[in-house]
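# Tertiary structure, described
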Amino acid sequence: MIRTFCQNEIREVRDLSGSGWVFSPQDGEHKGEQFPVVVPCCWESLPQFPAYRGVGRFAKHFSGSGTVRLVFQGVSHTADVYVDGVKAGTHYNAFTPFDVIVRDLPEGEHLLEVDADNRFSEASALHIPNDYMSYGGISRGVQLEYLEDAYISYLHCVTEKAPDGSWGIRLSVCIVNLSDRPFTGQVRIEVKNLAAVCCLQINIPAGEQRVAEGKIEGLRPVIWSPENPALYEICATLWQDDTAVDDLIERIGFRTFAVSGRDLLLNGKKLRIKGFCRHEDHPMFGCALPPEAIQQDLEIIRDLGANAIRCTHYPNDQIFLDLCDEQGILVWEENHARGLTEEHMRNPNFEPQAEQCIEEMIRAHFNHPCILIWGILNECASETEYGYECYKKQYELIRKLDPSRPRSSASCKFMTDICLGLPDIVSYNLYPEWYVEKTTQEWLDENYNWVQEKSEGAGKPFLITEIGAGAIYGYRTPTICKWSEEYQAQALSNQIKAVLGKEGCSGIFIWQYCDCRISFEWFASRPRTMNNKGVVDEFRRPKLSYQVVKELYRSYGNYCDD
Ligand code: ADA
């Protein structure tokens, strides 16, 4: 399963996730041995490989002929793909989807092999030992598609409200011609349940691709909001000589999200973000959470009274985004980068890999109404001239790929950040009462005042993108010392009250939803080699802070004027 809804009625697809896969490590004491596994699978979930770093081969047979497209939603972190022993594709980065197309397959059974590599090296600028675990494996769903000569590779939709109150959709549809002859045809795009249609003519030279653009206007849809997350299916069908040769179904929502002075306006109302940062991490599944486990996390997060999730620190599984669309949960999604210093950013692979991550994230996740903000470069070198140039280029790239969403970056450079003129929203990660021995009010005021009075971020909306404190599940003590559940509950209470009570602050993302595993090569004072700042532990058992956060979050509405 790669999405929660059916994306094709004409294109034939087969889910390759599930059983029938064999895993074999390519190194270490179990080298070459074979283990039956269920994909998605992080090998760290297997009893023999809790800490294996190396290459692991995943193999499965499939049948078919002609042109096939293999879609991988995520392989951690580098993938080499082979079909019948011949290399068919390669991809870097665990957290973005990619595809591999194989042509002229003879009729019969074929062998798919994927070599996943989770080792750290200079070749990987983004996966470094870090405050989250870099797992190994096929960590998200895999799908097999049988294609004709031409296919729809994406359909992007921007919903816009017209001055007369009606809605329009700006459409971009990309068609790929795989054949060695020119392709002439028509794309018909229809919004289901709104009786709206747009037809576009296309001519594509042999072996090339073209993006056709169109517009649908005068719609009167139900608006998407956290309170009523109304979704519409939009279907693109590719026609050639009166035959439908391919299709792609996407889902959209009609909503506006805008920066207005220091405010964030969702459907024209001043939004109050009550959020959590969340890593894709689970003690049983690693980062390869099954849809049911993702859904359970969303249930818990909603029970906590939150309305938003920040996907730290990488693009998330699209099933998570589908569920957020369906449940009206607001999302900040960011490219993959955490805590990179200038030295890390000077790795020659850094810029191409970070930019590729942005491109793949936006291309794949463009249509999700739940995504409000694109983020980049969490806590990277925004205090340096070199860092500034990198931030600038990445913000410009986002603007080019998707001018419809505001951009931001979670900073920990406090009063030394020189990049605040670049984003649309200023975002700070503050840890008063944890790393910084100041009250939340003091530390928040100092930073807020500096941003608004002395920096180029003046006049922009201001968000707290991380705040929190650590607690070891079950450690209770009347001394209320650090690492106790009591201390965390008290700190979070102070932090939430100060941030949500602050005029000019658009909201808060608590660090973090659940305790998560960290790279065992990384230390930085992490008891249990875990990041223990979750409001629930890794098994989703509530800490004392759960009830405190729940009561506070539930006492504030989604909008400031409520
Ligand atoms: C950072 C960082 C998080 C996490 C957190 C912490 O600000 O962005 O990934 O490491 O701090 O727990 O210290």
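None of these values were measured; they are calculated from a predicted model. (Residues numbered from 1 in each chain as written. Predicted model: local features only at pLDDT ≥ 70, side-chain atom pairs only at ≥ 80, totals over all residues. Heavy atoms only, no water.)

### So, the overall build of the protein
Put simply, the rule is: Only DSSP runs of H or I reaching four residues or more are called helices, and only runs of E reaching two or more are called strands; each is numbered from the N terminus. Atoms considered for the radius of gyration are the C-alpha atoms alone. The globule rule reads 2.2 Å times the number of residues to the power 0.38. Relative accessible area decides the class of each residue, using a 1.4 Å probe on protein chains only: under 20% of the type maximum gives buried, over 50% gives exposed, and in between gives partly exposed. Here, two residues are considered to be in contact whenever any of their heavy atoms come within 4.5 Å of each other. The Shrake-Rupley method, run with a 1.4 Å probe, gives the accessible areas here. Residue values count only the displayed protein chains as cover. Positive residues here are Lys and Arg, negative ones are Asp and Glu, while His and the chain termini are left out of the count. A charge is said to be at NZ when it belongs to Lys, at CZ for Arg, at CG for Asp and at CD for Glu.
Tallying secondary structure elements over the protein gives eight helices and 33 strands in all. At 24 Å, the protein has a C-alpha radius of gyration in line with the 24 Å of a compact globule built from 562 residues. The dimensions of the protein, computed from C-alpha atoms along their principal axes, are 70 × 70 × 45 Å. In the protein, which comprises 562 residues, the share counted as buried stands at 62%. Sequence separation of 24 or more characterises 71% of the internal contacts of the protein that already satisfy a separation of 6 or more. Only carbon and sulfur atoms are counted for the fraction: they give 49% of the accessible area of the protein, which is about 20800 Å². Averaging the positions of the 56 positive and the 80 negative side-chain charges in the protein gives two centres separated by 4 Å.

### Details of the site of the ligand
Where we set the bar: The nearness test applies per residue and asks whether one of its heavy atoms lies within 4 Å of the molecule or strand. Definition of a polar contact: a pair of N or O atoms within 3.5 Å, with one able to donate and the other able to accept a hydrogen when the atoms are protein atoms, and with sequence-neighbouring residues admitted only if both atoms are side-chain atoms.
With respect to spatial proximity, 13 residues lie near the ligand, and among them D131, H313, E379, Y435 and K533 are the closest. Between D131 and the ligand, the recorded distance is 2.4 Å, taken from a side-chain N or O atom to an oxygen atom. The contact in question runs from an oxygen atom of the ligand to an N or O atom on the side chain of Y435, over 2.4 Å. Contact with the protein chains covers 97% of the free accessible surface of the ligand, which is 320 Å².

### Examining the sheet that holds strand β18 (residues 209-219)
Condition: Each pair of strands is called paired provided DSSP finds at least two bridges between the two strands. Only the stretch in contact is used when fitting a helix axis, every axis being a line fitted to C-alpha atoms; angles between N-to-C directions are given from 0 to 180 degrees.
Taken in spatial order, the three strands of this open sheet run β14-β15-β18, and their pairing is antiparallel. Of all the strands in the sheet, the pair left with one neighbour each is β14 (150-161) and β18. Averaged over neighbouring strand pairs, the angle between their axes works out to 15° when direction is ignored. Pairing of β14 with strand β15 (residues 167-177), which is carried by 11 bridges, proceeds in the antiparallel orientation. Its bridge partner lying in β15, I152 is registered against I175.

### Examining the side chain of D131
Within the secondary structure, D131 sits in the loop between β11 (109-117) and β12 (137-138). Only 2.8 Å separates the side chain of D131 from the side chain of R526, close enough to count as a polar contact. Within the local environment of D131, its side chain forms a polar contact with the side chain of N531, the two groups lying 2.9 Å apart. When sequence neighbours within four positions are dropped, the list of residues in contact with D131 reads H279, R338, C516, I518, W522, R526 and N531.

### Notes on empty space enclosed by the protein
The line we're drawing: Think of a 1 Å grid over just the protein atoms. A cavity is a set of points where a 1.4 Å probe fits yet cannot get out, a pocket is an open set with protein on both sides within 12 Å along at least five of seven lines, and lining residues have an atom within 4 Å of a point. Grid points are joined across faces, edges and corners, and a volume is the space filled by probe spheres set on the points. Throughout this entry, Asp, Glu, Lys and Arg are counted as charged residues, while Ala, Val, Leu, Ile, Met, Phe, Trp, Tyr, Cys and Pro are counted as nonpolar. The remaining residues, Gly among them, count as polar.
By the definition in use, this model includes five cavities of 30 Å³ or more. By volume, the largest cavity amounts to about 60 Å³. If you trace the largest cavity, you find 13 residues lining it, with Y395, S409, D417, L420 and P423 closest to the centre. Per-class residue counts for the lining of the largest cavity are seven nonpolar, five polar and one charged.

### Quick look at the pairing of strand β3 (residues 35-39)
Burial along β3 is one-sided: F35, V37 and V39 are buried, while P36 and V38, pointing the other way, are not. Sheet analysis places strand β2 (residues 18-25) next to β3, joined by four bridges and oriented antiparallel. Note that in β3 the partner of F23 across the bridge is F35.

### What to know about the pairing of β11
Burial runs high along β11: seven of the nine residues are buried. As defined by bridge partners, strand β5 (residues 55-63) adjoins β11 across nine bridges and the pair is classed as antiparallel. Among the inter-strand pairings, V55 is bridged to a residue of β11, identified as D117. Pairing geometry for strand β8 (residues 78-83) and β11, over six bridges, is antiparallel. Of the residues in β11, the one forming a bridge with Y82 is E113.

### Observations concerning unusual backbone geometry
In this structure, H77 follows S76 across a cis peptide bond, with omega equal to -15°. The omega angle of the peptide bond from W511 to Q512 is 5°, so this bond is cis rather than trans. Structurally, Q512 is set in the loop between β31 (505-510) and β32 (516-517). Although it is not a glycine, N267 adopts a positive phi angle of roughly 50°. With respect to the helices, strands and loops of the structure, N267 is situated in the loop between β22 (263-266) and β23 (269-270). Of the residues examined, N267 reaches a relative accessible area of 25% and is grouped as partly exposed. One non-glycine residue with positive phi stands out, namely W483, at about 80°. Within the element layout of this structure, W483 appears in the loop between β30 (462-466) and α7 (485-500). You can call W483 partly exposed: its relative accessible area is 25%.

### Structural notes on the nonpolar core
Threshold: To define a nonpolar core, start from buried Ala, Val, Leu, Ile, Met, Phe, Trp, Tyr and Cys residues and group those joined through side-chain atoms within 4.5 Å.
Formed by 97 residues in total, the largest nonpolar core has its most connected members in F276 and I464. By residue number, the principal contributor to this core is α7, which donates seven residues. The next biggest cluster of nonpolar side chains, apart from the first, holds 31 residues, and it includes W21, F62, F98 and A116.

### A word on helix α8 (residues 545-555)
Among the residues of α8, those classed as buried are S545, Y546, V549, K550, L552 and Y553. Packing partners of the buried residues in α8 comprise β24 (273-278), α1 (291-303), α7 and β31.

### Concerning the environment of F523
Secondary-structure assignment places F523 in the loop between β32 and β33 (530-531). Residue F523 is classed as exposed on the basis of its relative accessible area, which comes to 64%. For the pair formed by F523 and N378, sequence separation is 145 residues and the distance between their alpha carbons is 19 Å.

### Section: the packing of helix α4 (residues 350-365) against helix α5 (residues 385-401)
This is how it is decided: Angles are sorted into four bins: roughly parallel if under 35 degrees, roughly antiparallel if over 145, roughly perpendicular if 65 to 115, and oblique for all others. Here a crossing is taken to be left-handed if its near helix is turned anticlockwise relative to the far helix by less than a right angle, and right-handed if that turn runs clockwise.
Packing of α4 against α5 brings their axes to within 10 Å, and their N-to-C directions diverge by 25°. By the angle between their axes, α4 is roughly parallel relative to α5. Relative to α5, the crossing made by α4 is right-handed. Within the contact between the two elements, α4 uses F350, E351, A354, E355, I358, E359 and I362 and α5 uses Y386, C390, K393, Q394, L397, I398 and L401. The residue makeup of the contact of α4 with α5, split by class, is nine nonpolar, one polar and four charged.

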